[in-house]
Amino acid sequence: MTLQQEIVGNAMQMAVVSLQPGQTVYCEAGKFLFKTTNVTMDTRLGGPSGGAGQQSQPGGSGSGGMGGLLRQAMGTAMQAGQRALAGESPAFQYFTTQGGEGTVGFAGVLPGEMRALELDGTRAWFAEKDAFVAAESTVDFGIAFQGGRTGRSGGEGFVLEKFTGRGTVIIAGAGNFIDLNPADFGGRVEVDTGCVVAFEEGIRYGVQRVGGLNRQGVMNAVFGGEGLSLATLEGNGRVILQSLTIESLANALRKAQGGDKQGPTGGLFSTNAQ
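Residues numbered from 1 in each chain as written. Predicted model: local features only at pLDDT ≥ 70, side-chain atom pairs only at ≥ 80, totals over all residues. Heavy atoms only, no water.

### Quick word on the sheet that holds strand β7 (residues 102–107)
Stated precisely, the cut-off is as follows: The pairing criterion is simple: DSSP has to find at least two bridges between the two strands. Under the DSSP-based scheme used, a helix requires at least four consecutive residues in state H or I and a strand at least two consecutive residues in state E, with every element numbered from the N terminus. An axis is simply a line fitted to the C-alpha atoms; with a helix, the fit covers only the stretch in contact. Between two such axes, the angle follows the N-to-C directions and lies from 0 to 180 degrees.
An order of β1-β2-β7-β4 is seen for the four strands of this open sheet, with the pairing classed as antiparallel. Among the strands making up the open sheet, the edge pair consists of β1 (4–8) and β4 (32–35). Between one strand and the next, the sheet's axes are offset by a mean angle of 20°, whatever the strand orientation. Relative to β7, β4 is paired through three bridges, and the arrangement is antiparallel. Bridge pairing in β7 links Lys35 to Val104.

### What to know about the nonpolar core
To keep things clear, this is the line we draw: Buried Ala, Val, Leu, Ile, Met, Phe, Trp, Tyr and Cys residues form a nonpolar core when they are joined through side-chain atoms within 4.5 Å. Buried means the residue's accessible area, taken with a 1.4 Å probe over protein chains only, is under 20% of the maximum for its type, while exposed means over 50%, and partly exposed covers the values in between. The criterion used for residue contact is that any of the two residues' heavy atoms lie within 4.5 Å.
Ranked by internal contacts, the top residues of the largest apolar core, which has 21 residues, are Tyr26, Phe132, Phe163, Val169 and Ile171. For this core, the elements supplying multiple residues, two or more each, are β6 (92–97), β8 (114–120), β9 (125–128), β10 (132–136), β11 (139–145), β12 (159–172) and β15 (196–200). Those residues within four positions of Ile171 in sequence are excluded, and the remaining contacts are Glu113, Met114, Arg115, Leu117, Ala131, Val133, Phe163, Val197, Ala198 and Ile240.

### Side note on unusual backbone geometry
Phi at Asp130 is positive, roughly 80°, even though this residue is not glycine. Its place among the elements puts Asp130 in the loop between β9 and β10. For Asp130, a relative accessible area of 34% corresponds to the partly exposed category.

### Some thoughts on the pattern of salt bridges
Going by this rule: Salt bridge, as applied in this entry: a Lys or Arg side-chain nitrogen positioned within 4 Å of an Asp or Glu carboxyl oxygen.
Under the defined criterion, the tally for this structure stands at nine salt bridges. Its salt-bridge partner being Asp179, residue Arg115 comes within 2.8 Å of it at the nearest N-O pair. One end of the pair, Arg115, is in strand β8; the other, Asp179, is in strand β13 (residues 177–180), with 64 residues separating them in the sequence. Relative accessible area serves as the criterion here: at 36%, Asp179 is assigned to the partly exposed category. Residue Glu190 is joined to Arg188 by a salt bridge in which the shortest nitrogen-to-oxygen separation is 3.5 Å.

### Points about the packing of aromatic side chains
Stated formally: Aromatic rings from Phe, Tyr and Trp, with only the six-membered ring used for Trp, were paired whenever their centres fell within 6.5 Å, and each pair was classed as stacked if the ring planes differed by under 30 degrees, edge-to-face if by over 60, and tilted otherwise.
One pass over the full model with this rule turns up twelve aromatic pairs. Both rings, one in Tyr26 and one in Phe92, keep their centres 5.3 Å apart while their planes meet at 80°; by these two values the pair is edge-to-face. Separated by 66 residues along the polypeptide, Tyr26 in strand β3 (residues 24–28) and Phe92 in strand β6 bring together distant segments of the chain. Taken as a pair, Tyr26 and Phe92 share a single burial class, namely buried. Judged by centre distance (6.2 Å) and plane angle (85°), the ring pair of Phe92 and Phe132 falls under edge-to-face.

All we've got here are geometric facts, nothing functional implied.
Here's what the structure looks like:
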């Protein structure tokens, strides 16, 4: 059953979901806005990919008893701990309608767009941390660590949210969205690391240094505003970028409050006004 949802608004969008009997949608804590009275809300540590989503699998409790409950509890604790370690909320809120159609509203935390992605079970989606808003209970939520050298260089790219299964997942970002396919641009695009919102499985994500360790490389890093690294996206698949980065928004707010005095180096030697 397809999740009926409508994304409304302009500068700060929200998703209005119509739940049918038997449907459940879950969100990250802090993304819920409103609901009708016939929709129940249940907060759990266990997400669909471990804990709640696996306990009803056929044969999953064949060994049964205390051992099965212990494994389930350990899986839930590990999943919640992994999300907490990645800076995500350890809990999810689940919404289910009773006695007919119900309505639930969700939103992101920054001014910008939202997008509903339809998963058919063949391809996973990856998203930047905090992009997730809500999803059907048939969609599994996980954490993917872009480990090693790539993660340390990329900053924002170290922790990715991973969505698998079938159903609708709703994501949000800052500013306006643009959809593109690297295959339409020679197979590779390079973007600010904070501009990546989400991409399909099959897209190769990496981080590269802006220029070399020479005069031009230093000029790019110090005066260009992008820092030392750019994100690279390669392959054939859908990519969603955002026009506003959290870092640029934070910098603009600091300037508006008079808390960031910048010199000609673009902030390299900035001082905070007291």
